[in-house]
Amino acid sequence: MTTEQDHDTSPRTVYTGRTTNWPMVAATSIGAVLLVVMGATGEGSWLALGLPFLLVAIGVLANVLTSSSVRASAGPNGFDVRWGIVGWPRCTYPLDQIASAEVVDVPWTRISYGLWWTPKRTSCTIRTGDAVRLLLTTGRIVTVTVPDPDLAVRALHEARTR
């Protein structure tokens, strides 16, 4: 049997936000189609002409499904990032693995327009401006663009102080 003392009923702060960048998805998709059109000579078999268009169509579909937006949530469960329409790929950082969180400014020279992974950093950026930067207990640095990074950082700090 549980009692009222067994459950913490105090309110919790949870942040959720979604950042989109449809102009970049459109620009990269149009650029890929233009490259195939310019490369098509008009001579050759249907396979030689159709295969590049099929590959571009698959690339454009993957671009739309995975790179159109970044959804993030922050709170007592840590920090969760989901990509695109289908929410994949997904990165989850539990609260006990986050050493610190801060708001940083991402200049246009540091934007990856997608998911960028190196052995020491993960960058989930699709626009310039303020972003959340997490320092994990492993030393990894994670940067994510969210609509209101101040609120996301505050939600993590409040969750940590409970």
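Residues numbered from 1 in each chain as written. Predicted model: local features only at pLDDT ≥ 70, side-chain atom pairs only at ≥ 80, totals over all residues. Heavy atoms only, no water.

## Observations regarding the overall build of the protein
Move 1: From N to C terminus, the protein includes 3 helices and 9 strands.
Move 2: Helices and strands in the protein line up, N terminus first, as β-α-α-β-β-β-β-β-β-β-β-α.
Move 3: Within the span of the protein, comprising 162 residues, buried residues form 33% of the whole.
Move 4: Here the analysis covers contacts within the protein between residues at least 6 apart in sequence; of these, 50% occur between residues at least 24 apart.
Move 5: Carbon and sulfur atoms provide 62% of the accessible area of the protein, an area that totals close to 10,000 Å². (Helix = DSSP H or I, 4+ residues; strand = E, 2+ residues; numbered from the N terminus. Buried < 20%, exposed > 50% of the residue type's maximum accessible area, 1.4 Å probe, protein only. Contact = heavy atoms within 4.5 Å. Areas by Shrake-Rupley, 256 points an atom, 1.4 Å probe, with all protein chains shown as cover.)

## Brief notes about the sheet that holds strand β4 (residues 90–93)
Move 1: Here 4 strands make up an open sheet; going across it, the order is β1-β2-β3-β4 and the pairing antiparallel. The outermost strands of the open sheet, each flanked by one partner alone, are β1 (15–20) and β4. Across this sheet, the average inter-strand angle for adjacent strands is 10 degrees, counted without regard to direction.
Move 2: For strand β3 (residues 78–83) and β4, the ladder comprises 4 bridges, and the chain directions are antiparallel. Along β4, the bridge assignment pairs V81 with C91.
Move 3: Where helix α3 (residues 149–161) meets the sheet, its contacts fall on β1, β2 (69–75) and β3, and the angle it forms with β2 comes to roughly 30 degrees. (Pairing = 2+ DSSP bridges. Axes fitted to C-alpha atoms, helices over the stretch in contact; angles between N-to-C directions.)

## A look at the nonpolar core
Move 1: Formed by 25 residues in total, the largest nonpolar core has its most connected members in F79, V81, Y93, L134, V144, V146 and L156.
Move 2: The set of elements that each furnish at least two residues to this core consists of β2, β3, β4, β5 (98–106), β8 (129–136), β9 (141–144) and α3.
Move 3: In this view, Y93 contacts N77, G78, F79, I98, T122, L134, L136 and V142; residues no more than four positions away in its chain are not counted. (Core = buried A, V, L, I, M, F, W, Y, C linked by side-chain atoms within 4.5 Å.)

## Comments concerning the environment of G87
Move 1: Mapped onto the elements, G87 comes out in the loop between β3 and β4.
Move 2: Judged by relative accessible area, G87 falls into the buried class, the value being 9%.
Move 3: When the C-alpha positions of G87 and S67 are compared, they lie 9.9 Å apart, and in sequence the two are 20 residues distant.
Move 4: In this view, G87 contacts R71 and R82; residues no more than four positions away in its chain are not counted.

## What to know about the pattern of salt bridges
Move 1: This structure, assessed with the given rule, holds 2 salt bridges.
Move 2: Linking R82 and D80 is a salt bridge whose minimum nitrogen-to-oxygen distance equals 3.2 Å.
Move 3: A residue is classified by how much of its surface remains accessible, and R82, at 30% relative accessible area, is partly exposed.
Move 4: One salt bridge connects D80 with R90, and the closest N-O pair in it is separated by 3.0 Å. With D80 in strand β3 and R90 in strand β4, this pair connects stretches of sequence that are 10 residues apart. (Salt bridge = Lys/Arg side-chain N within 4 Å of Asp/Glu carboxyl O.)

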